[in-house]
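# Coordinates in review
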Amino acid sequence: MLCLRRTFVFPATFLLVFLYCFYSSLPRGVELGDDDSWEFVSEFAQDPAPVPVSQNVNNRIHWAKHPQINPVQSFIPLPTGPTKPIPRVQHQFGSESWFQKKERVMKQNEVKRVFWHAWKGYKLHAWLRDELSPLSGSYRDAFGGWAASLVDALDTLVIMDMYDEFERALEQLDRIDFTTTEASEINVFETTIRYVGGFLGAYDLTDGKYPILLRKATEVADMLYDAFDTPNRMPQSRWQWTRSAEGLVILPAQNTILAELGSLNLEFTRLSQLTGDPKYFDAIQRITDFLDETQNATKLPGLWPVTVDALEKKFPDDRFTVGGMADSTYEYLPKEHMLLGGRTDQYHKMYATAINAIRGHLLFRAMTKDGSDVLFAGDARGGGRTRLEYQAEHLKCYLGGTVGVGAKIFEQPDELSIARKLVDGCIWAYDLMPTGIMPEIFYVSACRDVEKCEWDEDKWYKEVHSRVTRGRPSEDPIANGKSIVAEQGLQPGLIGIGDAQYLLRPEAIESVFIMYRITGDKKLQNAAWRMFQNIVRLTTTKYANAAISDVRNREPRKLDYMESFWFAETLKYFYLIFSEPDLVSLDEYVLNTEAHPFKRPSPSSS
């Protein structure tokens, strides 16, 4: 670059060199327009060369279609008949003033600028690989090496009106070979939500104008369908794909993670709706029927435990959560109801049973110094006397949005206040930390009385002491608690931090966005902007954005890690909360757990 070289110029050309250097320091690929908005232009005259995929391509095993060992004799068909009326989800938004629109669009464009910076880094340094490493400028292949970030970002590019980049990405899709990978196992859940979901979301969002998207979704799903080729048709969630490719028997695991079993519904259902092939819906409906039949037969009736014996179809585990390893199973219950157009009551019934158990066994009010009335979901041990652990997680922040949607479509107005308190809990946790970002896992002091909960400093210190000492007696637990608070950097109301990282996760902004679309409350937009500014300030790198190591430190160490959901979810939700409310309306689309929008059936469809 000219301005980085030691160059001697005549005075007459000095001004030109200065201007060149100045404009070169602006973000590449971004130009300022006359209206002070960002106009995004393509950086590359031609596509960047992909990072070499493998030095041993010709020695790999390749999957190909073949007869199933345990074929389905009769497919379960999609529910038919007219759609049933589903109540409106979104708030009836009114008009906004000129000033309100200008401020909103400014924030939206800032989100778009951050997306472009990260997308440019991915294109330059990790093109056609799964993830960019945002500190080193290298890459990670965490999801088969099939360009996860590219596929995950497709519908975000459409939403942000970056069609040149979208169509350039489409041109690369046939260069991705989904028949082979260096990975010995394929995570069926992660592959489904990112790849099948990514292709279908972009296909639906562009009204089917790009057939390659449906073709690639089918290509991936046909491969993944082999993971269901077990004696009981429960999938092998960590699929030993080379065994299937060689025609060998596979079995489901006896310690299958619940979310990896129960969160394939939306993607496979939508694929059957679009292709007319019932095999995809049949595959997930067998799982749904199993979960439905056993929902009240677990060690905490109404909920399913963290792990499932998918081979014997039993539930020996006594751990229950709505967080990591279970989350999207519950998230998909109201969403599948919407995607099916209410043609079956099964998912409504399952959701109602689950939300009653969640309310009765997992939810608790946090004791807050500022008097905020907020809720969190803890973890429980079932069997006998239920024991609740007051553990909060960033992953659990999705719950507020899920409960909000459930309250609207199933006409349960009392649950809408619960949803708002769950969303406010995550906002409270963000605002509480010195960085303005909540930690991955933390523990909260719970109120003795949900209705009346005054701040009790001594109680807080005692609980901090008890958590660290595991209840061992002490001459002065309050003084010991104060010492631990100072040592661990605990904010008022937190009694411990299990994981202080922030991994660029989307769950908090997801629920803030959904609750904003439900209520129209501008306070939620303000909270989103605070969250966004703090995240960008602390995560931006030369190439993109990085996870951070400790949200208790005002200048935390960055980690060389940026998962594809930064493109697919986090920045998409930040963009959408500042968009016009009809962009990806929740009354027209249902978003999968990777924020890929699938078209809901129209009320008149049959």
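Residues numbered from 1 in each chain as written. Predicted model: local features only at pLDDT ≥ 70, side-chain atom pairs only at ≥ 80, totals over all residues. Heavy atoms only, no water.

The name recorded for the chain in an unreviewed UniProt entry is alpha-1,2-Mannosidase, from Monascus purpureus. UniProt's Cofactor (unreviewed entry) comment on the chain is quoted here verbatim: "Ca(2+)". (UniProt positions renumbered as here; feature names shortened; annotations may be inferred.)

### Quick look at the pattern of salt bridges
Under the defined criterion, the tally for this structure stands at 43 salt bridges. Across the salt bridge formed by E165 and K123, the nearest N and O atoms sit 2.6 Å from each other. In this pair, E165 is assigned in helix α4 (residues 163-170) and K123 in helix α2 (residues 98-125), connecting sequence segments 42 residues apart. A relative accessible area of 4% places E165 in the buried class. D174 is the partner of K216 in a salt bridge, and the nearest nitrogen-oxygen pair spans 3.8 Å. Here K216, found in helix α6 (residues 211-224), pairs with D174, found in the loop between α4 and β5 (186-187); they are 42 residues apart in sequence, far enough to count as distant. Take K216: its relative accessible area is 1%, and that puts it in the buried class. (Salt bridge = Lys/Arg side-chain N within 4 Å of Asp/Glu carboxyl O. Helix = DSSP H or I, 4+ residues; strand = E, 2+ residues; numbered from the N terminus. Buried < 20%, exposed > 50% of the residue type's maximum accessible area, 1.4 Å probe, protein only.)

### Let's talk about the UniProt feature "binding site: Ca(2+)" (unreviewed entry) in the chain
What UniProt calls "binding site: Ca(2+)" (unreviewed entry) maps, in this numbering, to T593. Its place among the elements puts T593 in the loop between β17 (589-591) and β18 (597-599). T593 gets classed as buried once you look at its relative accessible area, which sits at 15%. When neighbours within four sequence positions are excluded, T593 is seen to be in contact with F189, I193, S328, E331, Y332 and E569. For T593, the side chain forms a polar contact with the side chain of E331, separated by 2.8 Å. (Contact = heavy atoms within 4.5 Å. Polar contact = N/O pair within 3.5 Å; in protein donor to acceptor, adjacent residues only side chain to side chain.)

### Observations regarding the sheet that holds strand β13 (residues 387-389)
Strand order in this open sheet of 3 strands is β9-β12-β13, and the pairing throughout is antiparallel. Each edge of the open sheet carries a strand with a single partner, namely β9 (319-320) and β13. Sheet analysis places β9 next to strand β12 (residues 379-381), joined by 2 bridges and oriented antiparallel. Counterpart to R319 in the pairing with β12 is R381. (Pairing = 2+ DSSP bridges.)

### Side note on the packing of aromatic side chains
Within the structure shown, the criterion is met by 30 aromatic pairs. Pairwise contacts between aromatic rings join F115, W119, Y122, W127 and F567 into one cluster. The positively charged end of K123 is found above the aromatic ring belonging to W127, 6.0 Å away from the centroid. Across the ring face of Y225, the terminal group of K279 is positioned such that the distance to the ring centre comes to 4.9 Å. (Phe/Tyr/Trp six-rings, centres within 6.5 Å; stacked < 30°, edge-to-face > 60°. Lys NZ or Arg CZ within 6 Å of the ring centre and 35° of its normal.)

### Remarks on a nonpolar patch on the surface
A cluster of nonpolar side chains, contributed by I69, V249 and L251, occupies part of the molecular surface with about 240 Å² of accessible area. If you trace the backbone, I69 turns up in the loop between β2 (38-40) and α2. (Patch = residues over 30% accessible without salt bridge, like charges linked within 9 Å, V, L, I, M, F, W, Y side chains within 5 Å. Areas by Shrake-Rupley, 256 points an atom, 1.4 Å probe, with all protein chains shown as cover.)

### Concerning the state of the cysteines
One pass over the structure, following the stated rule, counts 2 disulfides. Disulfide pairing places C397 opposite C426 at an S-S distance of 2.1 Å. Looking along the S-S bond of the C397-C426 disulfide, the torsion reads about -105°, which is the left-handed sense. With C397 in the loop between β14 (391-393) and α13 (398-409) and C426 in helix α14 (residues 413-432), the pair connects residues that are 29 residues apart, well separated along the chain. Summarising the burial analysis for this pair, C397 and C426 share the class buried. The side chain of C447 participates in a disulfide bridge whose partner is C453; the two sulfur atoms lie 2.0 Å from each other. With the S-S bond torsion at -85°, the cross-link from C447 to C453 turns out left-handed. No difference in accessibility class separates C447 from C453, as the two residues are buried. The connectivity of the disulfide bonds within the chain can be written as 1-2, 3-4, using the sequence rank of each bonded cysteine. (Disulfide = S-S within 2.5 Å.)

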